[in-house]
Amino acid sequence: MDSMSQSVTLLNAQIGFLATHVALIHIPLPLYPYFAHSISRLLLHNDKRDVEGNLVLPSRSWQYSCPFVNICITPTECSVVCPRAQAEELFLPILNNLDTTARSTISISADDYSVITIAGAGLEAGERVLDLTSPLAIAGISIYFITSYWSDYILVPFAARSKVICALEERGFVFEAGAEGEAGHMTNPASPLLRSHHCNNSSHSSFDFLASPTTPPPSNVSELQVKTFKTLARNNISPTVDPELQLVTCAANKNSTANLQAAALTLGLLKCLTTSPLPRFFSLTLTDADSASLTLDQTLLPLFTNGGEDILLGKDGPEQVAITLDLQTLPRESTGIVCGVASRLIDGMKGRLGRELFNMSYLSTAKAGYVIVYRDELEDAMAALRGFEMDDVNGRT
């Protein structure tokens, strides 16, 4: 049985809630060394037990041990998403042992979040983001969005699950009886299945601050787009790019369980997490359904070798660049940011590229959002975002 508890079909995508509650952790980089051991334990320790409480030897690699984990290191922070139990076991004791000043700069979310998964390998059309995030944004539901090599994931407040389902139903999604299927694609046979009757060109990446709005949300995507960029401008937030930082999105080869390959993957990840200085960009996503997914600085690829044998899928894929939105100054009540940014990019890129589809992914951290695009589309993407900035400035009263 996999970790799905509810599922929805959107064209060729499978969408559902993972059977886990996660916490969101923000660690400033100067304090990262205090938590490096906790992060390593999060990846490698096995805590599965039988009904009598005895430790169960894993039947699969450590990378499949948790329903959902994301560890992200960027130039400004370390951001961790993990099951609540691991957050309290591995991170909270370290936090409690720090002095008051250090503790005040670290955050572990008080509330739990549910994880929605959208299966689909690699980067896909930017339209995907609007199909799922726009109804949530318009409903005033805050989200946190992570794209991996295999799937996209939307984190929503656990307390808002019913509201999430209602928002999707209002956009043409309905519950119907489901059946058990393959891991990562279907649900508990007793659980309902969500199936879309109004598919556009389905789902993709995003970020939203994790709080309820204090003002009514926009009624449509156009209004949300305008509100988003006015909010960014008011808080002096502009998209930035480090042109020297070249990224690649790849994944562990899940067709091989060879001990040497597993050891090489483990060693490579531990080197990334313990090297000094820390990587400029490193994002690792683990689930119990797919092999480890990585979005990382291309200069880190030599750490993942096994005697010249490839252990990463997609490592020779198109070069990617991250457009950074530093959201540290954004009010906590802000919502709809990802959907607004994605809709502006899609609108702007259609005219520039001369085609409907725009390849992008999105990676959320606790304090920032990263729009990840192909390098050959970077100039047009930045022009689309900055063009809207000028529209907002000229239209401001």
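This one's a predicted model, so the numbers in the text were calculated from it and none came from an experiment. (Residues numbered from 1 in each chain as written. Predicted model: local features only at pLDDT ≥ 70, side-chain atom pairs only at ≥ 80, totals over all residues. Heavy atoms only, no water.)

**A word on the overall build of the protein chain**
Put simply, the rule is: Secondary structure elements are defined from DSSP: runs of H or I of at least 4 residues count as helices, runs of E of at least 2 residues count as strands, and each element is numbered from the N terminus. Burial classes follow relative accessibility: with a 1.4 Å probe on protein chains only, a residue under 20% of its type's maximum area counts as buried, one over 50% as exposed, and anything between as partly exposed. The contact criterion used throughout is that any non-hydrogen atoms of two residues lie within 4.5 Å.
Scanning the protein chain for helices and strands turns up nine helices and 20 strands. Counting over 397 residues, the protein chain shows a buried share of 56%. Long-range pairs, those at least 24 residues apart, make up 78% of the contacts in the protein chain with a sequence separation of at least 6.

**A few points about helix α7 (residues 259–274)**
Put simply, the rule is: The span you would expect from a helix comes to 1.5 Å times its residue count less one.
Taking 1.5 Å of rise per residue, the 16 residues of α7 would be expected to cover 22 Å, and the 22 Å separating its terminal C-alpha atoms lies within 8% of that figure. Of the positions making up α7, those classed as buried are Gln 261, Ala 264, Leu 265, Thr 266, Gly 268, Leu 269, Cys 272 and Leu 273. Taken together, the buried residues of α7 touch α1 (32–44), β4 (68–73), β14 (247–252), β15 (282–287), β16 (293–297) and β17 (312–313).

**Describing unusual backbone geometry**
The linkage connecting Ser 276 with the following residue, Pro 277, adopts the cis geometry, with an omega of 0 degrees. Following the sequence through the fold, Pro 277 ends up in the loop between α7 and β15.

**Quick look at the packing of aromatic side chains**
Our working rule: Note on aromatic contacts: the rings of Phe and Tyr and the six-membered ring of Trp form a pair at centre separations within 6.5 Å, being stacked when their planes are under 30 degrees apart, edge-to-face when over 60 apart, and tilted otherwise.
In the structure shown here, the tally under the stated rule is four aromatic pairs. Summarising the aromatic geometry, the rings of Phe 35 and Phe 91 are spaced 6.2 Å apart at their centres and angled 20 degrees between planes, so their arrangement reads as stacked. Of this pair, Phe 35 sits in helix α1 while Phe 91 is found in helix α2 (residues 84–96), placing the two residues 56 residues apart along the sequence. Per residue, the accessibility class of Phe 35 equals that of Phe 91, and both read buried. Summarising the aromatic geometry, the rings of Phe 281 and Tyr 370 are spaced 5.3 Å apart at their centres and angled 85 degrees between planes, so their arrangement reads as edge-to-face. Placement of the pair is Phe 281 in the loop between α7 and β15 and Tyr 370 in strand β20 (residues 368–374), with a sequence separation of 89 residues. For the pair Phe 281 and Tyr 370, one class covers both residues: buried.

**Let's talk about the nonpolar core**
Note the threshold: Put simply, a nonpolar core is a bunch of buried Ala, Val, Leu, Ile, Met, Phe, Trp, Tyr and Cys residues held in one set by side-chain atoms that sit within 4.5 Å of each other.
By size, the foremost hydrophobic cluster in this structure holds 44 residues, and its most contacted members are Val 80, Phe 91, Leu 265, Phe 282, Leu 294, Leu 296 and Phe 304. Core analysis: the second largest hydrophobic core is formed by 30 residues, Ala 137, Ile 237, Leu 325 and Ala 384 among them.

**Observations regarding the pairing of strand β18 (residues 320–326)**
Note the cut-off: When DSSP locates at least two bridges between a pair of strands, those strands are taken to pair.
Most of β18 is tucked away: six of the seven residues are buried. Where strand β13 (residues 240–241) and β18 come together, two bridges link them in antiparallel fashion. Each bridged residue has a counterpart across the sheet, and for Val 241 the counterpart in β18 is Ile 323.

**Section: the pattern of salt bridges**
Pairing between side chains of opposite charge can happen when their charged atoms approach one another. Where we set the bar: In the sections that follow, a salt bridge refers to a side-chain nitrogen of Lys or Arg positioned within 4 Å of a carboxyl oxygen of Asp or Glu.
Applying the stated criterion across every chain yields a total of six salt bridges. Across the salt bridge formed by Arg 41 and Glu 89, the nearest N and O atoms sit 3.5 Å from each other. Within this pair, whereas Arg 41 is found in helix α1, its partner Glu 89 is found in helix α2, the two being separated by 48 residues in sequence. A residue is classified by how much of its surface remains accessible, and Arg 41, at 33% relative accessible area, is partly exposed. Under the relative-accessibility criterion, Glu 89 is labelled partly exposed at 38%. As a salt-bridge pair, Lys 315 and Asp 316 come within 3.4 Å of each other at their nearest N and O atoms. Residue Lys 315 is classed as partly exposed on the basis of its relative accessible area, which comes to 24%. For Asp 316, a relative accessible area of 66% corresponds to the exposed category. Among the charged side chains, a salt-bridge network with shared partners connects Asp 242, Arg 280 and Asp 297.

**Concerning the state of the cysteines**
To be explicit about the condition: Criterion for a disulfide: a pair of cysteine sulfur atoms at a distance within 2.5 Å.
For the structure on display, the rule yields zero disulfides. The thiol of Cys 78 is not disulfide-bonded; the next cysteine sulfur, from Cys 72, is found 7.9 Å away.

**What to know about helix α4 (residues 127–138)**
For α4, spanning 12 residues, the distance from its first C-alpha to its last is 16 Å, which sits close to the expected 16 Å at 1.5 Å a residue. Counting buried positions along α4 yields 11 of 12 residues, so the element is predominantly enclosed. Those residues of α4 that sit buried are Glu 127, Arg 128, Val 129, Leu 130, Asp 131, Leu 132, Thr 133, Ser 134, Pro 135, Leu 136 and Ala 137. After α4 finishes, the residue Gly 140 shows a positive phi value of roughly 75 degrees.

**Here we look at the packing of α4 against helix α5 (residues 161–170)**
Quick reminder of the rule: Note on geometry: axes are C-alpha line fits, over the in-contact stretch for helices, and angles between N-to-C directions span 0 to 180 degrees. Each crossing gets its hand from how the near helix is turned against the far one by less than a right angle, where anticlockwise is left-handed and clockwise is right-handed. Polar here means any residue other than Ala, Val, Leu, Ile, Met, Phe, Trp, Tyr, Cys and Pro, which are nonpolar, and Asp, Glu, Lys and Arg, which are charged; Gly is therefore polar.
α5 packs onto α4 with a crossing angle of 120 degrees between their chain directions and a minimal axis gap of 9 Å. Judged by the sense of rotation from one axis to the other, the crossing of α4 with α5 is right-handed. Of α5, the residues touching α4 (which contributes Leu 132, Pro 135 and Leu 136) are Val 164, Ala 167 and Leu 168. Per-class residue counts for the contact of α4 with α5 are six nonpolar, no polar and no charged.

**Re the confidence of the model for the protein chain**
Heads up, the rule is: Across the chain, each position has a pLDDT score giving the predictor's confidence in that residue, from 0 to 100.
Looking at the protein chain as a whole, its pLDDT mean stands at 79, while 74% of the residues score no less than 70. In the model, residues 1–5 has pLDDT below 50 throughout and makes 28 contacts with residues more than four positions away in sequence or in other chains. Segment residues 174–213 is flagged for pLDDT under 50; beyond a separation of four residues in sequence, or across chains, it makes 161 contacts in the model.

**Structural notes on the pairing of β4**
For β4, the tally of buried residues reaches six of six residues, placing the bulk of the element in the interior. Residues Phe 68, Asn 70 and Cys 72 of β4 are buried on one face, and the alternating residues Val 69, Ile 71 and Ile 73, pointing to the opposite face, are buried as well. Bridge analysis of β4 against β15 gives six bridges, and the strand direction is antiparallel. The residue bridging Ile 73 from the neighbouring strand is Phe 282, located in β15. The pairing of β4 with strand β5 (residues 77–83) spans four bridges and is antiparallel. Within β5, the residue paired with Ile 71 across the bridge is Val 80. Once β4 ends, the chain turns through three residues before running back antiparallel as β5.

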